[in-house]
Number of protein chains: 2
Amino acid sequence: MQINIDILLAWGAAYKKVAAGEIIFHEGTESSFYYQLVSGKVRWVNINDQGKEFIQTIIEPEECFGEFPLFDDEPFAASAIADEDSVIIRLHRSSFHQLLRENPELHFEFTRLLTQRLRFKFLILKELANHNPEGSISTLLNYFKQTQKNICTKCNRLKLTRQQIADMTGLRVETVIRTMKFMQSKGDLQITKGKVYC
Amino acid sequence: MQINIDILLAWGAAYKKVAAGEIIFHEGTESSFYYQLVSGKVRWVNINDQGKEFIQTIIEPEECFGEFPLFDDEPFAASAIADEDSVIIRLHRSSFHQLLRENPELHFEFTRLLTQRLRFKFLILKELANHNPEGSISTLLNYFKQTQKNICTKCNRLKLTRQQIADMTGLRVETVIRTMKFMQSKGDLQITKGKVYC
DNA sequence: TGAGCAGTATGATTTGAATCATACTATCTT
DNA sequence: AAGATAGTATGATTCAAATCATACTGCTCA
């Protein structure tokens, strides 16, 4: 879900450029803005004491992120880091709330987005709880296929690294590599020159 | 978050009694209703092929559940099962949508609820991904404390069984029992006659 | 075109949660 | 009050993912 850039600008939003690797906001800090990605790629991520990352969501252009504080007045639940040079746009929360009040259809779209994100978490959690790497990876890839995210719709090539899959499933990269090889041997997916085709 | 019973009734909602163990709705089935628990207890749960349960949320009186289909037109993401004889109330989706349209403040409250639930999933997922039973259990108990759920606010006694904690963290009940004993030995919590005090 | 680096892949070992089995305790029901 | 059952607890074993180490391949950049 995205809010049309022209609408955001009309309500006072401002662009911001971020460099690859730059932290847009930190988990645990307060927020006063609505964030939307214009171009580039951002990962919405938790980092533990050992520096290990858990990627909650990979944000793509036109998608919003870091919206929790706007609705529950709590700090950020995860950090946002740019995977590549990116452009984001942000709107102050008071303007954002007013925008929703004056545009109920937009509010419904937003509610739909939160629901889709919550459903995704239900899906991933039930798989993680099964302690079955193949199930977790399979479920994640199926989700990407259905939502047309992170997979090339023309050639079905997975656009993510094994490490990113590992970071989204709580598994180790070695486990993801071996599990995907196994899935290839079963015919569940194809691997050519290291590239995965679902 | 709850919608006042009188409002629900005024908009055409109807009560329904469910017996302990009764399945209110099944994962994967379609829905046309908004559900709210009036009395009793319900668990919102995924059940895998081996019959193992993953409890996504324990629903308490005045809380709604099964709301995803209302906003994203997809089937139920988990099943709802009554833990004890309960009373629920439900409103047809079209009336529910109209109720929100005519009451923007209610819609905002609902958005806040979804956000809180999403934040809880972010929290549990990042802990599960760390493969650290003590961290997962500790985080869950802290969450219950903060939200005053499942813990007696007068004596701090945990109202859930070890099995329920296991079902909410993806761990085995033996692991939860041993980990809680370990946490007791560290002074992180107290156990008296099998009862846990946080 | 070649060097360097990111990403993929393989092998060996460790380890802790799962698994299986069984006993004990608290609670409920008659 | 006693029997039955749910829940807690303990002990032993298994095993698959984590961990550690190292090699190979594809891609980027000069």
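Refer to the preceding data block for the structure.
So, a few notes on the structure that sits alongside this text. (Residues numbered from 1 in each chain as written. Chains lettered and ligands numbered in written order. Predicted model: local features only at pLDDT ≥ 70, side-chain atom pairs only at ≥ 80, totals over all residues. Heavy atoms only, no water.)

1. Observations regarding the protein's contact with DNA strand C
Line of reasoning, step 1. Among the 18 residues in the neighbourhood of DNA strand C, the closest are listed as A:Arg162, A:Arg178, B:Arg172, B:Thr175 and B:Lys195.
Line of reasoning, step 2. When atoms of DNA strand C within 4 Å of the protein are split into backbone and base, the sugar-phosphate part holds 69%.
Line of reasoning, step 3. At a separation of 3.4 Å, a phosphate oxygen of DNA strand C approaches a polar side-chain atom of A:His131.
Line of reasoning, step 4. B:Lys195 is positioned with one of its side-chain polar atoms (N or O) 2.7 Å from a phosphate oxygen of DNA strand C.
Line of reasoning, step 5. Contributions of two or more residues to the surface near DNA strand C are made by α7 (173–185) of chain A together with α7 (173–185) of chain B.
Line of reasoning, step 6. Element by element, the count of residues in the surface near DNA strand C is highest for α7(A), at four residues.
Line of reasoning, step 7. Here the surface near DNA strand C is built from residues that sort into four nonpolar, five polar and nine charged. (Near = heavy atom within 4 Å. Polar contact = N/O pair within 3.5 Å; in protein donor to acceptor, adjacent residues only side chain to side chain. Helix = DSSP H or I, 4+ residues; strand = E, 2+ residues; numbered from the N terminus. Nonpolar A, V, L, I, M, F, W, Y, C, P; charged D, E, K, R; others polar.)

2. Observations regarding the environment of B:Phe54
Line of reasoning, step 1. Inspection of the secondary structure puts B:Phe54 in strand β5 (residues 53–59).
Line of reasoning, step 2. A relative accessible area of 4% means that B:Phe54 is categorised as buried.
Line of reasoning, step 3. Considered as a pair, B:Phe54 and B:Arg43 are eleven residues apart in the sequence and their alpha carbons are 9.7 Å apart.
Line of reasoning, step 4. Once residues lying within four places of it in the same chain are set aside, the contact partners of B:Phe54 are A:Leu125, A:Lys126, A:Ala129, B:Trp44, B:Val45, B:Asn46, B:Asp167, B:Met168, B:Thr169 and B:Gly170. (Buried < 20%, exposed > 50% of the residue type's maximum accessible area, 1.4 Å probe, protein only. Contact = heavy atoms within 4.5 Å.)

3. Remarks on the packing of aromatic side chains
Line of reasoning, step 1. One pass over the full model with this rule turns up 32 aromatic pairs over all chains.
Line of reasoning, step 2. Between the aromatic rings of A:Phe122 and B:Trp44, the centroid separation amounts to 5.1 Å while the plane-to-plane angle is 70°, which identifies the pairing as edge-to-face. Separated into two different chains, A:Phe122 in helix α4 (residues 104–128) and B:Trp44 in strand β4 (residues 42–47) make up a pair that spans both.
Line of reasoning, step 3. Under the relative-accessibility criterion, A:Phe122 is labelled buried at 3%. (Phe/Tyr/Trp six-rings, centres within 6.5 Å; stacked < 30°, edge-to-face > 60°.)

4. Structural notes on the relation of the copies chain B and chain A
Line of reasoning, step 1. Each copy superposes on the other: chain B lies on chain A with an RMSD of 0.0 Å after a rotation of 180° and an axial shift of 0.0 Å. As the rotation angle and translation indicate, the two copies are arranged about a two-fold axis. The position closest to the rotation axis in chain B is occupied by the C-alpha of B:Leu118, lying 2.8 Å away.
Line of reasoning, step 2. By residue overlap, the copies meet face to face through one surface: 100% of the interface positions of chain B are interface positions in chain A. (Least-squares fit on C-alpha atoms with pLDDT ≥ 70 in both.)

5. Thoughts on the protein's contact with DNA strand D
Line of reasoning, step 1. The environment of DNA strand D is made up of 18 residues, and the closest members are A:Arg172, A:Thr175, A:Lys195, B:Arg162 and B:Arg178.
Line of reasoning, step 2. Among the atoms of DNA strand D close to the protein, meaning within 4 Å, 69% are from sugar or phosphate groups.
Line of reasoning, step 3. The contact in question runs from a phosphate oxygen of DNA strand D to an N or O atom on the side chain of A:Thr175, over 2.4 Å.
Line of reasoning, step 4. Those elements that provide at least two residues to the surface near DNA strand D are α7 of chain A together with α7 of chain B.
Line of reasoning, step 5. Counting residues per element, the surface near DNA strand D draws most heavily on α7(B), at four residues.
Line of reasoning, step 6. Of the residues in the surface near DNA strand D, the class split is four nonpolar, five polar and nine charged.

6. Let's talk about the pairing of strand β4 (residues 42–47) of chain A
All names here are of chain A.
Line of reasoning, step 1. Most of β4 sits inside the fold, with five of its six residues counted as buried.
Line of reasoning, step 2. By the bridge criterion, six bridges tie β4 to strand β5 (residues 53–59) in an arrangement that is antiparallel. Counterpart to Val-45 in the pairing with β5 is Ile-55.
Line of reasoning, step 3. Here β4 folds back onto β5 in antiparallel fashion, the turn holding five residues, of which Gly-51 has a positive phi close to 85°.
Line of reasoning, step 4. Two elements, β4 and strand β7 (residues 79–82), share four bridges in a ladder whose sense is antiparallel. Along β7, the bridge assignment pairs Trp-44 with Ala-80. (Pairing = 2+ DSSP bridges.)

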